[in-house]
Amino acid sequence: MRLDQVLARLLPEYSRSRLQDWITQEQVKLDGVSATIRQKVWGGEAIEVVPQSHPAEQPYQAEDIALNIVFEDDSIIVINKPAGLVVHPGSGNWEGTLLNALLHHAPQLAEIPRAGIVHRLDKDTSGLLVAAKTLTAQTALVRQLQARTVQREYYALVYGEVLRAGTVDAPMGRHPAQRTKMAVVADGKPAITHYSIAERFPAALTGSGQGCTLLRCKLETGRTHQIRVHLASIRHPLVGDSTYIKGAQRCAPQLRPILAAFPRQALHAAQLGLEHPVTGEWMEWQAALPEDMARLLDRIRQATHEPA
């Protein structure tokens, strides 16, 4: 029999995937030698299993990672997250996350579920995010999110010329075929995104092909990848979003190399507003566009001769 099949019989309390992971990580020895999943065993061999706990089962570690703190008191902390920083440990990113940084900055957060994190931004999305520093504050923030009273506004640069403000009201859930992606699905959870035009870069000024538009998006709900999926669903995918862009975008010649070179989805959480969980005071914060998006817009303005 194959080694993983034998282990599944010998150690039925563990899943097949967990056992295969142990073999791959060389935590299983067959007659004293590291084995492979498909290796055959015939009977009489000595199998030694020395498992190590999965990273997901380990306590999260504090790491000295710089944070751009916009506001902090005894109850909450507001961070301006850079693009490239994962918010919460997960598959392939068990360290070097915002959560690890928060534990170093405020060790007491180890006593709070998810180190006080109540909402997330995608790895390659920049901007404002709030975390709670006490259980009471975390509960209050979660209730505000559930009641949809937290205000979150984003800048999103999209392909194509958006002519007017609008709303995408389309339920979302896991993609039926590609489980790592989200999609608009009939039986999904309610998802509402309002958008307005911040700046338009028409194709008429650049020759043939389509231009692009800088939108300001306001979330009424907070589903995973909501803005990215909703804007792609109305045929205005985010610049740089390789996950949700279907096929090549027909850009104006002057814009094509500029937009194609941007290495991430052009999305920035620019404004955050909420009721302070202790004082009840309404508070708002703004975060200017990060340097990479600001440079991108400057290059587009130069290419389209648009005034800044």
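Preceding this section is the structure that the text describes.
This section reports on the structure supplied with the text. (Residues numbered from 1 in each chain as written. Predicted model: local features only at pLDDT ≥ 70, side-chain atom pairs only at ≥ 80, totals over all residues. Heavy atoms only, no water.)

Here's the deal with the pairing of strand E12 (residues 212–219)
Among the eight residues that make up E12, seven are buried, leaving the element largely enclosed by the rest of the structure. Of the strand pairs in this sheet, strand E7 (residues 151–159) and E12 are connected by eight bridges, and their pairing is antiparallel. Looking at E12, one finds that Arg152 is bridged to Leu219. When strand E11 (residues 192–201) meets E12, the two strands line up antiparallel, connected through eight bridges. (Buried < 20%, exposed > 50% of the residue type's maximum accessible area, 1.4 Å probe, protein only. Helix = DSSP H or I, 4+ residues; strand = E, 2+ residues; numbered from the N terminus. Pairing = 2+ DSSP bridges.)

Points about the state of the cysteines
Within the structure shown, the criterion is met by zero disulfides. You can see Cys212 has no disulfide; the closest cysteine sulfur is in Cys251, sitting 7.6 Å from it. (Disulfide = S-S within 2.5 Å.)

Looking at unusual backbone geometry
In this structure, Asp31 takes a positive phi of about 55° despite not being glycine. Counting through the fold element by element, Asp31 comes out in the loop between strand E1 (28–30) and strand E2 (33–34). Here Asp31 falls in the partly exposed class, since its relative accessible area comes to 49%. You will see that Arg235, though not glycine, has its phi angle at about 65°, which is positive. Tracing the backbone shows Arg235 in the loop between helix H5 (226–233) and helix H6 (256–260).

Digging into the sheet that holds E2
Taken in spatial order, the three strands of this open sheet run E2-E1-E3, and their pairing is antiparallel. In the strand order of this sheet, the two ends are held by E2 and strand E3 (47–49), each with one partner. Bridge count between E1 and E3: three bridges; the pairing is antiparallel. In the strand pairing of E3, Leu30 is matched with Ile47. On the sheet, helix H1 (residues 3–10) packs against E1 and E3 and is oriented at approximately 70° with respect to E3. (Contact = heavy atoms within 4.5 Å. Axes fitted to C-alpha atoms, helices over the stretch in contact; angles between N-to-C directions.)

Concerning the packing of aromatic side chains
For the structure on display, the rule yields two aromatic pairs. Look at Tyr14 and Trp22: their rings are 4.9 Å apart centre to centre, the planes differ by 65°, and that puts the pair in the edge-to-face class. Assessed through its relative accessible area of 4%, Trp22 is described here as buried. Taken together, a centroid distance of 5.5 Å and an interplanar angle of 45° make the contact between Phe71 and Trp285 tilted. In this pair, Phe71 sits in strand E4 (residues 69–72) while Trp285 sits in strand E14 (residues 282–286), placing the two residues 214 residues apart along the sequence. For Arg216, the ring lying beneath its charged end belongs to Tyr155, and the centroid distance is 4.7 Å. (Phe/Tyr/Trp six-rings, centres within 6.5 Å; stacked < 30°, edge-to-face > 60°. Lys NZ or Arg CZ within 6 Å of the ring centre and 35° of its normal.)

Remarks on the pattern of salt bridges
Within the structure shown, the criterion is met by eleven salt bridges. The partner of Arg2 in a salt bridge is Asp4, with the nearest N and O atoms 2.6 Å apart. Looking at Asp4, the relative accessible area reads 0%, which means it is buried. For Arg301, the salt bridge identified is with Asp298, shortest N-O distance 2.9 Å. On the criterion of helical spacing, the pair formed by Arg301 and Asp298 is a turn pair, its members being three residues apart in helix H7 (residues 291–304). The partly exposed category is assigned to Asp298, whose relative accessible area is 37%. (Salt bridge = Lys/Arg side-chain N within 4 Å of Asp/Glu carboxyl O.)

Here we look at helix H3 (residues 98–105)
The element H3 is extensively covered by neighbouring structure, given that six of its eight residues are classed as buried. The complete set of buried residues in H3 reads Leu98, Leu99, Asn100, Ala101, Leu102 and Leu103. The inward-facing, buried residues of H3 abut strand E5 (76–81) and strand E6 (126–132). Here H3 starts with a cap whose side-chain oxygen sits 3.3 Å from the backbone nitrogen of Leu99, and that cap is Thr97. (Polar contact = N/O pair within 3.5 Å; in protein donor to acceptor, adjacent residues only side chain to side chain.)

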